[in-house]
Amino acid sequence: MPSTTSEQLKAEILRLTREYSELMHGANHPGAQRRDPFVPKATSVPYAGRVFDADEVTAAVATTLDFWLTLGPQGAAMEKELAGFLGVKHSLLVNSGSSANLVAFATLTSHKLPAKRRVMPGDEVITVAAGFPTTVAPILQCGAVPVFIDNDPVTGNACVDQLEGAFVEGKTKAVMMAHTLGNPFDLGAVLEFCRKHDLWLIEDNCDALGCTYSMPVERAKQLGFTENSPGIPPSDTHIIRYTGTWGDISTQSFYPPHHLTMGEGGAVNIVHRPPLKSYAESFRDWGRDCWCASGVDNTCGKRFQWQLGELPEGYDHKYIYSHLGYNLKPLDPQAAIGREQLKKLPAFITARKTNWEYLRAGLADLQEFFEFSLPTHATRWHHGGFNWDETGCQTDCSWFGFMLRVRPEAPFTHTSLGRHLDDKKIGNRMLFGGNLLRQPVFVQLRKDRPESFRVAAPLPGADSLMKSAIFLGTYPGLTVEMLDYEIETIRAFTRSHCA
Ligand SMILES: Cc1ncc(COP(=O)(O)O)c(C=O)c1O
């Protein structure tokens, strides 16, 4: 009898892994043949979660058996595939969306940038008051000053008419903001502002992978865009690109609620300026000057010939540090999972859009209680579509969530609605940190270091979101039964307040 080779053993382990995964996790996948029956009030309806099948589990086990562990071949492949999907120059994997924001911002502080563009301590960066804290934290962590403008409470995005008022000549260096809950912000207005004043734009795309923004061809050309993102058919009238590909740098999160998952994980996308890649990589990888991949030596071909800083000539390039860096790399098995998720991404995006539309239609006649979100540039929702404003720009949202605001005159609050939904096992969330300036951390910062941030305008929109916004999930694991249950539960809740 021939002896069992390692290849045969691995194949057998992976066959069993697949079988195990189908047995254990099969019910997780919306397309799964065997899915646990939905029991209203007993089955949880999460606002988000992992959607995966045996492919992800098998990929994770296969790479773990190979035991490379640190970011390696799977990571390199995923970085290429993600960059290819988006149509950006480079994507760098990191261990979270927060790390992605930190690396993206730190990149702009590199001393290798021209002095005029480099973000120095005390320089200002325009951002938005309501949202997720780690969109803003890196600005402070790197010694720059976040300058807050308000959110439009209907879209959740920046009030772009406040950008000029927030700008200070010689101080403002960048704009860094998120596409809120998968709703692209007004990229036309933000990019024109950035071009006019020669500012960086970091798009926090953590909640928006797969959203597109379309801009009339002439306006896009003036901003330097002539091509659609890969796979998007050409249009005679518009340039259509994914969010995360309009600014200089953008970021992704691959934490489970997001559009795809690696468990923990994220990415920094370098859109079009290749040198930014090596600065970002340096901040991700200890601050080193060397750009060898893990396990590789002497990529530059002159490992012992550099003379940098005040080090002696020939000092090992592997241990030369140009930046005050971090180590924010994910593991290779995470990338193997991410690669499988990436293959499912187009279907995930479609499901998120379909689920949003289903909820919107199902709750349409509850306007008396709720103000529903609109995509940026939309003026009105109607069954199956939107009316659009006069800018000619449009958005196609890959929704992270279905947000509504409870009207001030409604006989209940977003907190009481959230509590009720929780009792009925329906996952719901507020808009992350609400008005971040009301959070304990900023209240303390105002006392400790009042000069560390600036508020450029009154913030009624951010306050309104904090006081009244709530969102449900749109994630691809939701079934029609679950969505119907959510709709009926909300309808019954509003009826109970009218009796
Ligand atoms: C807009 C935004 N940016 C950044 C993050 C941080 O991502 P992570 O949880 O992967 O650190 C999140 C998290 O949900 C987010 O919503």
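Residues numbered from 1 in each chain as written. Predicted model: local features only at pLDDT ≥ 70, side-chain atom pairs only at ≥ 80, totals over all residues. Heavy atoms only, no water.

**Comments concerning the nonpolar core**
What tends to happen in soluble globular proteins is that the nonpolar side chains get buried as a cluster. To be explicit about the condition: We call a set of buried Ala, Val, Leu, Ile, Met, Phe, Trp, Tyr and Cys residues a nonpolar core when their side-chain atoms join them within 4.5 Å. Here the term buried applies to any residue with accessible area under 20% of the maximum for its type, exposed to any over 50%, and partly exposed to those in between, with areas from a 1.4 Å probe on protein chains only. Runs of E in the DSSP output that reach at least two residues are strands. Runs of H or I that reach at least four are helices, and both are numbered from the N terminus. Contacts between residues were defined by any pair of non-hydrogen atoms, one from each residue, lying within 4.5 Å.
In this structure, Leu363, Phe370, Phe402, Leu404, Phe412 and Leu417 are the most contacted members of the largest nonpolar core, which totals 36 residues. Contributing elements (two or more residues each) for this core: helix H10 (332-362), strand E10 (370-372), strand E11 (378-382), strand E14 (401-406), helix H11 (414-423), strand E16 (469-473) and helix H14 (480-496). The leading source of residues in this core is H14, at 6 residues. What Phe412 contacts, discounting residues up to four positions off in sequence, is Phe369, Phe370, Val406, Leu417, Phe493, Thr494 and His497.

**Focus: H14**
Cut-off, in case you're wondering: Each helix should span, by expectation, one fewer than its residue count multiplied by 1.5 Å.
A rise of 1.5 Å per residue sets the reference length of H14, with its 17 residues, at 24 Å; its end C-alpha atoms lie 24 Å apart and thus fit the reference within 8%. Here H14 has its buried residues at Met482, Leu483, Tyr485, Glu486, Ile487, Thr489, Ile490, Arg491, Phe493 and Thr494. In this structure, the buried residues of H14 make contact with H10, E10, H11 and E16.

**So, the site of the ligand**
Inclusion rule: Any residue with a non-hydrogen atom lying within 4 Å of a molecule or strand is treated as near it. Polar contacts here mean pairs of N or O atoms no more than 3.5 Å apart (in protein, one a potential hydrogen donor and the other a potential acceptor; neighbouring residues in sequence count only if both atoms are side-chain atoms). Calculation of accessible area relied on Shrake-Rupley with a 1.4 Å probe; when residues are assessed, cover is drawn exclusively from the protein chains displayed. Each residue is assigned to one of three groups, with Ala, Val, Leu, Ile, Met, Phe, Trp, Tyr, Cys and Pro labelled nonpolar, Asp, Glu, Lys and Arg labelled charged, and all others, Gly among them, labelled polar.
Gly97, Ser98, Asp204, Asp207 and Ser253 are the nearest of the 16 residues found near the ligand. Residue Ser98 places a side-chain N or O atom 2.6 Å away from an oxygen atom belonging to the ligand. Take Asp204: an N or O atom from its side chain is 2.7 Å from a nitrogen atom of the ligand. For the ligand, whose unbound accessible area comes to 390 Å², protein coverage reaches 91%. Only helix H4 (97-107) and helix H5 (133-141) provide two or more residues apiece to the shell around the ligand. Residue contributions to the shell around the ligand peak at 3 residues, all from H4. Split into classes, the residues belonging to the shell around the ligand amount to 5 nonpolar, 9 polar and 2 charged.

**Notes on the pattern of salt bridges**
In plain terms, the rule: Salt bridges are identified by distance alone: a Lys or Arg side-chain nitrogen within 4 Å of an Asp or Glu carboxyl oxygen.
A full pass over the atoms with the stated rule returns 32 salt bridges. Among the salt bridges present, the one from Asp285 reaches Arg288, with a minimum N-O distance of 3.6 Å. Across the pair, Arg288 and Asp285 agree in class, each one buried. With a closest N to O distance of 2.8 Å, Glu488 and Arg495 form a salt bridge. The exposure class of Glu488 is partly exposed, given its relative accessible area of 38%.

**What to know about the domain arrangement of the chain**
Our working definition: Segmentation of the chain into domains, including their bounds, is taken from an automatic or database domain assignment.
Per the domain assignment, the segments making up the chain are domain 1 (38-287 + 324-499) and domain 2 (293-321). Taking only C-alpha atoms, the centre of domain 1 and the centre of domain 2 are 38 Å apart.

**Considering the pairing of strand E3 (residues 145-149)**
Selection criterion: Here, strands pair whenever DSSP counts at least two bridges between them.
Most of E3 sits inside the fold, with 5 of its 5 residues counted as buried. Across the two faces of E3 the burial is the same, with Val145, Val147 and Ile149 and Pro146 and Phe148 all buried. With 5 bridges connecting them, strand E2 (residues 124-128) and E3 associate as parallel partners. Bridging across to E3, Val125 finds its partner in Pro146. As defined by bridge partners, E3 adjoins strand E15 (residues 454-455) across 2 bridges and the pair is classed as parallel. Within E15, the residue paired with Val147 across the bridge is Arg454.

**Description of the pairing of E14**
Along E14, 6 of the 6 residues are buried, which leaves the element largely enclosed by surrounding structure. Residues of E14 alternate between two faces, with Gly401, Met403 and Arg405 on one and Phe402, Leu404 and Val406 on the opposite face, all of them buried. As judged from the 3 bridges shared by E10 and E14, these two strands associate in the antiparallel manner. Among the inter-strand pairings, Phe370 is bridged to a residue of E14, identified as Val406. Both E14 and E16 contribute to a ladder of 5 bridges, which runs antiparallel. Within the sheet, the bridge partner assigned to Phe402 lies in E16 and is Leu472.

**Some words on the side chain of Ser322**
Tracing the backbone through its elements, the reader meets Ser322 in the loop between helix H9 (275-284) and H10. On the basis of relative accessible area, Ser322 is assigned to the buried category, the value being 17%. Here the side chain of Ser322 touches Asp289 through a polar contact of 2.3 Å, side chain to side chain. Beyond its immediate sequence surroundings of up to four residues, Ser322 is in contact with His111, Lys112, Gly287, Arg288 and Asp289.

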